[in-house]
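Understanding the architecture of this molecule
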Amino acid sequence: GAGVSQTPSNKVTEKGKYVELRCDPISGHTALYWYRQSLGQGPEFLIYFQGTGAADDSGLPNDRFFAVRPEGSVSTLKIQRTERGDSAVYLCASSFGGREYTEQFFGPGTRLTVL
Amino acid sequence: QQQVKQSPQSLIVQKGGIPIINCAYENTAFDYFPWYQQFPGKGPALLIAIRPDVSEKKEGRFTISFNKSAKQFSLHIMDSQPGDSATYFCAAGGGSNQFYFGTGTSLTVIP
């Protein structure tokens, strides 16, 4: 079956603009995660959804970042008033969720460049 | 503060060698330790994972060694192949579904 897909694969924007990044999880996965990966670093947790609700948004760096998952499937990460420091690869992952750890399947990421 | 410290930053081995990547953590609440492999332009993919109730786990050519008292764990790749050349990340999780990743090790296996 299809894996996690993310669109666009690359996004170049100007400082101060608004961007939306989309994630399509694996069908049937109830848990969805957003991570940010800066060059030469490991993924950094941003937010975790269980179903439609954000179960943990403690990793969002500030109120310019927001994510939604209105129907419990596709999720959109929204970044307002982008800054050059927001440039990174934004990774989405999904899993079956539940109380026990289950494998998180990652998408290929969206490379965001803020000029 | 880096929750999981990983070393070395890069590693070069000959084909057939056994690269070893080390990670250390401080938070004793962590109870799940996965290793991920990432190729350029791709997302990380789970290789192998371990819980602290065992000291070693093997899956194919990949082995995790876990030392709970030292709060350290390592990945060994047996009979390494050029196709293993990638970046490897250790991670730790505990009490939630949030994972804390190490900074990564770039492995190059020379034919």
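The following paragraphs examine the structure supplied in this document. Treat the numbers as computed from the prediction; the structure is a model and nothing was measured.

1. Observations concerning the pattern of salt bridges
- For the structure shown, the criterion picks out seven salt bridges over all chains.
- Glu44(A) serves as the salt-bridge partner of Arg36(A), at 3.9 Å between the closest nitrogen and oxygen.
- By relative accessible area, Arg36(A) is classed as buried at 13%.
- One salt bridge connects Lys71(B) with Glu26(B), and the closest N-O pair in it is separated by 3.5 Å. Of this pair, Lys71(B) sits in the loop between strand 7 (62–67) and strand 8 (72–77) while Glu26(B) sits in the loop between strand 3 (20–25) and strand 4 (33–38), and the two are 45 residues apart along the sequence.
- One connected set of salt bridges, linked through shared partners, spans Arg64(A), Glu83(A) and Asp86(A).

2. Re the side chain of Thr63(B)
Residues and elements named next belong to chain B.
- With respect to the helices and strands, threonine 63 occurs in strand 7.
- Accessibility expressed as a relative area gives 4% for threonine 63, which makes it buried.
- In this view, threonine 63 contacts Glu56, Lys57, Lys58, Ser74, Leu75, His76 and Met78; residues no more than four positions away in its chain are not counted.

The rules behind the values
- Residues numbered from 1 in each chain as written.
- Chains lettered and ligands numbered in written order.
- Predicted model: local features only at pLDDT ≥ 70, side-chain atom pairs only at ≥ 80, totals over all residues.
- Heavy atoms only, no water.
- Salt bridge = Lys/Arg side-chain N within 4 Å of Asp/Glu carboxyl O.
- Buried < 20%, exposed > 50% of the residue type's maximum accessible area, 1.4 Å probe, protein only.
- Helix = DSSP H or I, 4+ residues; strand = E, 2+ residues; numbered from the N terminus.
- Contact = heavy atoms within 4.5 Å.

Honestly, it's all geometry; don't read function into it.
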